[in-house]
There are 2 protein chains.
Amino acid sequence: MGIKQIAKLANVSIGTIDRVLHKRGGVSKETEKKILKIIKETGYQKNMTASRLKLASVKKIKFAVLTPETDNEYSYWRLPKEGVYKALDELKELGVKVDDYQFAGSSASFKKASEAIFLKNYDAIITVPFFQEECNTLLKKAKSRNMPVVFLDTEIELNDKAYFIRQNSHVAGMVAGRLLHGLVGSSGKYFIVNILNDRGIQVNNKQREDGFRAFFDSIGEDVSINTINHPLNDTFRVTPEMESWFKGDDLKGIFVTNSRAHLIPEILSKYEVSNTFLMGFDLNKKNLEYLQDNQIHFLINQQPKYQGYVAIKNLFNFLTKQDDSELQLDIPVEIMVKEHFSSL
Amino acid sequence: MGIKQIAKLANVSIGTIDRVLHKRGGVSKETEKKILKIIKETGYQKNMTASRLKLASVKKIKFAVLTPETDNEYSYWRLPKEGVYKALDELKELGVKVDDYQFAGSSASFKKASEAIFLKNYDAIITVPFFQEECNTLLKKAKSRNMPVVFLDTEIELNDKAYFIRQNSHVAGMVAGRLLHGLVGSSGKYFIVNILNDRGIQVNNKQREDGFRAFFDSIGEDVSINTINHPLNDTFRVTPEMESWFKGDDLKGIFVTNSRAHLIPEILSKYEVSNTFLMGFDLNKKNLEYLQDNQIHFLINQQPKYQGYVAIKNLFNFLTKQDDSELQLDIPVEIMVKEHFSSL
DNA sequence: CTGAAAGCGCTTACAG
DNA sequence: CTGAAAGCGCTTACAG
């Protein structure tokens, strides 16, 4: 059932059908009505393959991808990009293009990069919402140009409608609470470690902390939970207060709210802290080594590569099929233990 | 860079290029050599979209899907099928067809259904390896017709090469050991519950049991692990031996190797077994209810829908692009706790 | 052994 | 306001 049959049924040419399908105008009310009726009755659906085959040569779909700098080889932000390029590989014959933009740590740098993006004509933007004000600006401008924006990694409050493909960090914190509590119990002591950057704590790290505490609220246990806020770019400094917390034989559970759980084991052994269970985020090399070594007990995977992959794929589906149902996506809170890697 | 440019470079017509690309023969050695050289130099890649647009109307790709009966509404086997139909929905405009076959509990029924499949002409078969002998027969016949076969759910030993898209059940058992051990510790008692069907224990249930025991071996703890083999289609019967196992105040961990963990809580309360942690497989309605109720502590998700989806998608990629790298697939051992469902 | 032509279903520029 | 025609990149049946 193609455009040709529809044309025959309506006694018009395929050009006219196309004008109706794409609301290109220049069709009499009457003809339009007749055609719409037939489309509805026959349940006609456009063949996207044929459509893209034609369009790939005349109207490219262009994405701007704006991520934090991927300076070093192990940078986390390489992973979403890998996913982006995997998706691109699948879609390039359909006329999809991707341009890469980066920003450094500052909001000014993000602003500059996003302005550069608006100088060109993209069909959609994929980025990361680290700076609320600048994201609102970006979103507003994108809206006025009818460009969808997909944010990866973190969800924040914004003024206009945006899509988020990210893990629910509150849930991740709750799950972390459940798991550590299983090992440590209600009589033990808990530590939340937030590694801060120049701008303070990252939004999703805070959401994870809140989720962690919410878990203990939900089970009605009044356990001891200390928060340790520690600047990055510094060797981990143990304050006298922390030292006193660490003392004692009771079980301890440490929840690192970002990817730096690997900083902790060294401290623990230096201060001879025992009976301790440690969990954190992300399957980076150092974290995985400590997981193998039983010094990290759980890691939560955010599937960063998949986030990038699915952002491109689902934006493409949205732009070609108007189906935005998969642009608002929960990445599952995937718990990893040592044994997950035992078959590799 | 399309077939047209290649033709121009080689000073031949596009028909001849196509003959070389598809090894259709009827091309002189010399011309072929020249063309292959140009293809290599230019890095030409066939545009699959254009190819499928044409082929969709002349050469359909047909899959036979053979699963256990999906008699009742909650049948597990509906889920892979949902995935199959989701994939079909995406691929049908590319000329993909799926036929559904079912088998009942017996190997004879499986045999009969697979014979019916071979009466028609399919490009690939997707099924479940419950019967070793019959699967070997099927695989042999498929091989002689050059049909790939993808098995879902379970991996078993077979004589010929086959693809498996399933969870590594041994790893799943190890992960289960790790988690239950975290809750129960080394001084507790462990129970493995295998629910048997007419043919005895299912292969992947056994693999899970082995993995569970292997975990305790790996950590060098000599803990008490009792295996309870219980027939299905029967109310759960507690033998005097089991009753004696259940007694005592020590912590207990129960690992149900299939989807029936939901049978256990009732027994436990009837026999007043306390201090018990329970884990099993699959996110069926009853299991999820007990998870919410803190009577099941962990569930492992096998992503059955995704298994069906990815089987079709990746078979399609294999048949159209010769890329079989994703037909041998490990479904991650996804651990679910109550909090995973807290945002729904 | 090779080429020219028709066609897959859709899109668009042009002519009327 | 509408139609006829060319074309996206590939495939194949036909003619030579």
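Residues numbered from 1 in each chain as written. Chains lettered and ligands numbered in written order. Predicted model: local features only at pLDDT ≥ 70, side-chain atom pairs only at ≥ 80, totals over all residues.

### Here we look at the packing of helix α4 (residues 48-58) of chain A against helix α4 (residues 48-58) of chain B
- Two numbers describe how α4 of chain A lies on α4 of chain B: the axes approach to 9 Å, and their chain directions differ by 135°. The angle between α4 of chain A and α4 of chain B places the two elements in the oblique class. Taken as a pair, α4 of chain A and α4 of chain B cross one another with a handedness that is left-handed. Two secondary-structure elements touch here, α4 of chain A through Thr49, Ala50, Arg52 and Leu53 of chain A and α4 of chain B through Thr49, Ala50, Arg52 and Leu53 of chain B.
- Considering only residue class, the contact of α4 of chain A with α4 of chain B consists of 4 nonpolar, 2 polar and 2 charged. (Axes fitted to C-alpha atoms, helices over the stretch in contact; angles between N-to-C directions. Helix = DSSP H or I, 4+ residues; strand = E, 2+ residues; numbered from the N terminus. Parallel < 35°, antiparallel > 145°, perpendicular 65-115°, else oblique. Left-handed = near helix turned anticlockwise from the far one by under 90°. Contact = placed C-beta atoms within 7 Å. Nonpolar A, V, L, I, M, F, W, Y, C, P; charged D, E, K, R; others polar.)

### Considerations on the packing of helix α2 (residues 14-21) of chain A against helix α3 (residues 29-42) of chain A
Residues and elements named next belong to chain A.
- Packing of α2 against α3 leaves a shortest axis separation of 10 Å and a crossing angle of 85°. Comparing their axes, α3 and α2 come out roughly perpendicular. Note on element contacts: α3 touches α2 through Thr31, Glu32, Ile35 and Leu36, opposite Thr16, Ile17 and Val20.
- Its residues assigned to classes, the contact of α2 with α3 comprises 4 nonpolar, 2 polar and 1 charged.

### Some points on the interface of chain A and chain B
- Taken together, the contact between chain A and chain B spans 26 residues of the former and 26 residues of the latter.
- Those elements that provide at least two residues to the side of chain A that touches chain B are α4, α8 (169-184) and β12 (334-336) of chain A.
- Among the elements that line the side of chain A that touches chain B, the one with the most residues is α8 of chain A, at 6 residues.
- Its residues placed into classes, the side of chain A that touches chain B shows 13 nonpolar, 7 polar and 6 charged.

### Quick look at the relation of the copies chain A and chain B
- With an axial shift of 0.0 Å and an RMSD of 0.1 Å, the rotation relating chain A to chain B amounts to 180°. Both copies are brought into coincidence by an operation consistent with a two-fold rotation axis. (Least-squares fit on C-alpha atoms with pLDDT ≥ 70 in both.)

### Notes on the protein's contact with DNA strand C
- Near DNA strand C there are 28 residues, and of these Gly2, Ile3, Ala50 and Ser51 of chain A together with Gly15 of chain B occur at the shortest range.
- Secondary structure elements with two or more residues in the surface near DNA strand C: α2 and α4 of chain A together with α2 (14-21) and α4 of chain B.
- A class-by-class count of the residues in the surface near DNA strand C yields 11 nonpolar, 12 polar and 5 charged. (Near = placed C-beta within 6 Å.)

### Remarks on the domain arrangement of chain A
- Domain annotation for chain A reports domain 1 (3-46), domain 2 (60-167 + 304-332) and domain 3 (169-301).
- Inter-centroid distance (C-alpha atoms) of domain 1 of chain A to domain 3 of chain A is 61 Å. (Domains from an automatic or database assignment.)

### Structural notes on the protein's contact with DNA strand D
- Looking at DNA strand D, there are 28 residues lining it, with Gly15 of chain A together with Gly2, Ile3, Ala50 and Ser51 of chain B nearest.
- Those elements giving two or more residues to the surface near DNA strand D turn out to be α2 and α4 of chain A together with α2 and α4 of chain B.
- No other element matches α4 of chain B, which puts 6 residues into the surface near DNA strand D.
- Residue composition of the surface near DNA strand D, grouped by class: 11 nonpolar, 12 polar and 5 charged.

### Notes on unusual backbone geometry
Residue and element names in this part refer to chain B.
- Residues other than glycine seldom take positive phi values, yet aspartate 153 does so here, at roughly 80°.
- Topologically, aspartate 153 is positioned in the loop between β4 (149-152) and β5 (163-167).
- Taking the C-beta count within 10 Å as the criterion, aspartate 153 has 26 such neighbours and is therefore assigned buried.
- Although it is not a glycine, glutamine 322 sits at a positive phi angle of roughly 60°.
- Position of glutamine 322 among the secondary structure elements: in the loop between α13 (304-321) and β11 (329-331). (Buried ≥ 20, exposed ≤ 12 C-beta atoms within 10 Å, placed from the backbone.)

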